[in-house]
Amino acid sequence: MSDYRDVLAKAIKQRRTILFAGAGVSMAVGLPSWDRLVAYLLDELGLEHRTVEGLSETHQMLAEYYRIKRGSIGPLRSWLDRNWKVAEDRVTKSDLHRLIVELDFPVIYTTNYDRNLEMAFEAHGRPYAKIANAKEIAEAPDGVTRIVKYHGDFDDDASLVLTENDFLDRLSFDSPLDILFRADALGRMILFIGYSMSDPNIRLLLHRIWGTWRQSGYEKNRPPSFIFMPSPNPVQEALLARWGIKMVTAENGEDAAGSLVGFLADLQARAKAVD
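Residues numbered from 1 in each chain as written. Predicted model: local features only at pLDDT ≥ 70, side-chain atom pairs only at ≥ 80, totals over all residues. Heavy atoms only, no water.

**Some details on the overall build of the protein**
Helix and strand counts for the protein stand at 14 helices and 7 strands. Expected size for 275 residues packed as a compact globule is a radius of gyration near 19 Å; at 19 Å, the protein falls within 12% of this value. With respect to the principal axes defined by its C-alpha atoms, the protein has extents near 60 × 45 × 45 Å. Across the 275 residues of the protein, 47% fall into the buried class. Relative to all contacts within the protein whose residues are 6 or more apart in sequence, the contacts with residues 24 or more apart total 68%. On the protein, roughly 13100 Å² of surface is accessible, and the fraction owed to carbon and sulfur atoms is 50%. (Helix = DSSP H or I, 4+ residues; strand = E, 2+ residues; numbered from the N terminus. Rg over C-alpha atoms; globule rule 2.2 N^0.38 Å. Buried < 20%, exposed > 50% of the residue type's maximum accessible area, 1.4 Å probe, protein only. Contact = heavy atoms within 4.5 Å. Areas by Shrake-Rupley, 256 points an atom, 1.4 Å probe, with all protein chains shown as cover.)

In structure tokens:
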């Protein structure tokens, strides 16, 4: 485990690591869970909770139904923009977000819609370029961290991956952001944080990365990738290893958010010690 951390820390120091940040990063500073969105959609659509009992990916299906009934996702996007956020001071005071900024990743991908990462960079005086569509890929300046909003941004309704059809459309893995990610992933390590392996979207993404390397004929030359989990799980570890992803776990009994802060702080210390 220590060797994995040293390898990762050296790659971070050399700016050869991509960070991929999931919902756990935003929930650590108080972002609502999907349950709040489901409750809102049920209320807006006049449905009882039993309507969706037993369904997986409930928020995606309800968002799709919302689009069918209302003809547009615009009002829902506006509600999310107003409610799917936390107070700026919570992000400013977050050790987790400070460490993400200070580790100076060249690229950060996130499936989160919120502006927490952007707020963190602004709070700590670091430049960044937000990317949520092809136009922003072309306009992004060199030399600053690119924050790629992989599932879209509230400033661009068309970029949002929110409804069931949106997620199904991403299965082709050929949108401009997918092409960008494939190019980035071929030359750098990837560190995933804030994800649950029960999330089918992240499992699909990991499978796609593995497939890209397998089809290239140079799978043995692939840079290692890592995912941080608060606690070990032999089943998940074996499945991830099949896709070339190494699991790194906490070295103490802290909660999920605390263990992630400890992990990133350890990487920062190791990176500083690299010659």
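There's more to say after this.
**Here's the deal with helix α7 (residues 95-102)**
Listing the buried residues of α7 in full gives Leu96, His97, Leu99, Ile100 and Val101. The N-capping residue of α7, defined by a side-chain oxygen 3.3 Å from the backbone nitrogen of leucine 96, is serine 94. One or two steps after α7, the chain reaches aspartate 104, where phi turns positive at roughly 60 degrees. (Polar contact = N/O pair within 3.5 Å; in protein donor to acceptor, adjacent residues only side chain to side chain.)

**Thoughts on the packing of helix α3 (residues 34-45) against helix α5 (residues 74-83)**
Describing two packed helices takes the angle between their axes plus the distance from one axis to the other. In contact at an axis separation of 12 Å, α3 and α5 are set at 140 degrees when each is read in the N-to-C sense. Comparing their axes, α5 and α3 come out oblique. Judged by the sense of rotation from one axis to the other, the crossing of α3 with α5 is right-handed. Contact residues: Arg36, Leu37, Tyr40 and Leu41 in α3; Leu76, Trp79, Leu80 and Asn83 in α5. Partitioned by chemical class, the residues of the contact of α3 with α5 number 6 nonpolar, 1 polar and 1 charged. (Axes fitted to C-alpha atoms, helices over the stretch in contact; angles between N-to-C directions. Parallel < 35°, antiparallel > 145°, perpendicular 65-115°, else oblique. Left-handed = near helix turned anticlockwise from the far one by under 90°. Nonpolar A, V, L, I, M, F, W, Y, C, P; charged D, E, K, R; others polar.)

**Quick word on the environment of glutamate 64**
With respect to the helices, strands and loops of the structure, glutamate 64 is situated in helix α4 (residues 58-70). For glutamate 64, a relative accessible area of 10% puts it in the buried group. Distance in space between the C-alpha atoms of glutamate 64 and glutamate 48 is 17 Å, their sequence separation being 16 residues. A polar side-chain atom of glutamate 64 sits 2.7 Å from a polar atom in the side chain of threonine 163.

**Some remarks on the pattern of salt bridges**
Side-chain pairs of opposite charge can arise whenever the charged atoms involved come near each other. Overall, the coordinates contain 20 salt bridges when judged by the stated rule. Here glutamate 122 ties to arginine 115 by a salt bridge, and the two come within 3.1 Å at their closest N and O atoms. The class for glutamate 122 is partly exposed, based on a relative accessible area of 41%. Under the relative-accessibility criterion, arginine 115 is labelled partly exposed at 38%. The partner of lysine 130 in a salt bridge is aspartate 155, with the nearest N and O atoms 2.9 Å apart. Linking lysine 130 in strand β3 (residues 128-131) with aspartate 155 in the loop between β4 (145-149) and α10 (164-169), this pair joins segments that are 25 residues apart in sequence. A relative accessible area of 61% means that aspartate 155 is categorised as exposed. Taken together, the shared-partner salt bridges in this structure form one network comprising Glu118, Lys130, Lys149, Asp153 and Asp155. (Salt bridge = Lys/Arg side-chain N within 4 Å of Asp/Glu carboxyl O.)

**Overview of the packing of aromatic side chains**
Each pair of aromatic rings is reported with the distance of its centres and the angle of its planes. Under the definition given, this model contains 17 aromatic pairs. A ring pair is formed by phenylalanine 20 and tyrosine 109, whose centres lie 5.5 Å apart and whose planes are at 10 degrees; its orientation type is stacked. Here the residue phenylalanine 20 occupies a position in strand β1 (residues 17-21), and tyrosine 109 occupies one in strand β2 (residues 107-110), the gap between them amounting to 89 residues. Summarising the burial analysis for this pair, phenylalanine 20 and tyrosine 109 share the class buried. Ring centres 4.5 Å apart and planes at 15 degrees place the aromatic pair phenylalanine 228 and phenylalanine 263 in the stacked group. You can see phenylalanine 228 sitting in strand β6 (residues 225-229) and its partner phenylalanine 263 sitting in helix α14 (residues 256-273), a full 35 residues away along the chain. What makes phenylalanine 228 buried here is its relative accessible area of 4%. (Phe/Tyr/Trp six-rings, centres within 6.5 Å; stacked < 30°, edge-to-face > 60°.)

**Focus: the nonpolar core**
Membership of the largest hydrophobic core comes to 56 residues, with the highest contact counts inside it found for Leu76, Ile100, Leu191, Ile193, Phe263 and Leu264. The element contributing the most residues to this core is α3, with 6 residues. Once residues lying within four places of it in the same chain are set aside, the contact partners of leucine 76 are Leu37, Tyr40, Leu41, Ala63, Tyr66 and Leu162. Within the second largest apolar cluster, 30 residues are counted, among which are Leu180, Ala185, Trp213 and Met247. (Core = buried A, V, L, I, M, F, W, Y, C linked by side-chain atoms within 4.5 Å.)

**Some words on the packing of α3 against α4**
Closest axis-to-axis distance for the α3/α4 pair is 10 Å, and the angle between their directions is 30 degrees. Judged on the interaxial angle alone, α4 and α3 are roughly parallel. The handedness of the crossing between α3 and α4 is left-handed. Facing Trp34, Leu37, Val38, Leu41, Leu42, Glu44 and Leu45 of α3, the residues of α4 in contact are Thr58, His59, Leu62, Ala63, Tyr65, Tyr66, Lys69 and Arg70.

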